[in-house]
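# Structural characterization, general
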Amino acid sequence: MLLRSLFRAVIMGPPGSGKGTVSSRISESFGLQHLSSGDMLRANIKAKSELGLLMKSCIDQGQLIPDDVMSRLILASLREMEQSSWLLDGFPRTVAQAESLDSVFTVDTVINLDVPFETIKERLTSRWVHLSSGRVYNTDFNPPRIPGLDDVTGEPLTQRDDDTPETVTRRLKAYETQTQPVLEYYRSKGVLATFTGTETNKIWPHVHAFLAKKIPQSQQVRGGV
Ligand SMILES: Nc1nc2c(ncn2[C@@H]2O[C@H](COP(=O)(O)OP(=O)(O)O)[C@@H](O)[C@H]2O)c(=O)[nH]1
Ligand SMILES: Nc1ncnc2c1ncn2[C@@H]1O[C@H](COP(=O)(O)OP(=O)(O)O)[C@@H](O)[C@H]1O
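Residues numbered from 1 in each chain as written. Chains lettered and ligands numbered in written order. Predicted model: local features only at pLDDT ≥ 70, side-chain atom pairs only at ≥ 80, totals over all residues. Heavy atoms only, no water.

An unreviewed UniProt entry annotates the protein chain as GTP:AMP phosphotransferase AK3, mitochondrial of Pangasianodon hypophthalmus. Regarding the protein chain, the relevant UniProt record gives this comment under Subunit (unreviewed entry): "Monomer." (UniProt positions renumbered as here; feature names shortened; annotations may be inferred.)

Okay, structure coming up:
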């Protein structure tokens, strides 16, 4: 068997900062497996499990899911990806979650998308998603080829129940109070890399150049941006 070193990364940033969009580009360029906490939660909700109902009520109110539930869910998935290089998107969102991740895995790098709140609010109300794949569109930035339909499957796109202006305000508040301390946690460990800007297409080349230096050449799928 060919042994190679594994690379484990986390992507952080306020809701709507472009984590999902940048994660897709990172997976495509560097072959990291993308695990999105929000996509996992929405899959649980769609399956209508009892836990899914609890999750939906938290999400729709713009609140975080309790740490113990969240850590169990994510760590179970990561244990199944023991042999993979991965990119975690949306987890950890609290210092307690970061500590539980740390107790099992070493995070090599944390990419922090630093996008102003004013920029984000407009984006989220024009976000459209394909629920089962997690593909994300925007009526201004990256519209689907046929309005309202997913480019790959042709299935209808939907808007998220938590992308209303009121819930976005609550999510940004939760980010400030509960998630920003996680940035400090990773900064003190020396693994935080912050990318500031208002446009994903301008931020992305910097993220690409940064990762190209960190990830062994053998793991990179494509060279270009
Ligand atoms: N106008 C604009 N929209 C963007 C940009 N980058 C991403 N988006 C859109 O903003 C919304 C939020 O992006 P997403 O990647 O889902 O962010 P996340 O919530 O951090 O995962 C989506 O509808 C994206 O298509 C950008 O540079 N400009
Ligand atoms: N790590 C987490 N801890 C607690 N709640 C979470 C976590 N990840 C996602 N959620 C819940 O799911 C919602 C949507 O998350 P996500 O899809 O990552 O949205 P966004 O990328 O727009 O911030 C969050 O507002 C929160 O209620």
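### Overview of the sheet that holds strand β4 (residues 109-114)
Judged by pairing direction, the sheet is parallel, and its 5 strands sit side by side in the order β2-β3-β1-β4-β7 without closing on themselves. One side of each edge strand has no neighbouring strand; the edge strands of this open sheet are β2 (33-36) and β7 (192-196). With direction set aside, neighbouring strand axes in the sheet form an average angle of 20 degrees. (Pairing = 2+ DSSP bridges. Helix = DSSP H or I, 4+ residues; strand = E, 2+ residues; numbered from the N terminus. Axes fitted to C-alpha atoms, helices over the stretch in contact; angles between N-to-C directions.)

### What to know about the nonpolar core
Formed by 31 residues in total, the largest nonpolar core has its most connected members in I65, I74, L78, L88, L101, V110 and Y186. Put simply, the parts of the chain that give this core at least two residues each are β1 (8-12), α2 (37-46), α3 (50-60), α4 (67-79), β3 (86-89), α5 (95-102) and α7 (165-189). Per-element tally for this core: the top contributor is α4, with 6 residues. Contact partners of V110, with chain neighbours within four places excluded, come to V10, M12, Y186, V191, L192 and A193. Counting 22 residues, the second-largest nonpolar core is a separate cluster that includes I26, L113, L172 and A193. (Core = buried A, V, L, I, M, F, W, Y, C linked by side-chain atoms within 4.5 Å. Buried < 20%, exposed > 50% of the residue type's maximum accessible area, 1.4 Å probe, protein only. Contact = heavy atoms within 4.5 Å.)

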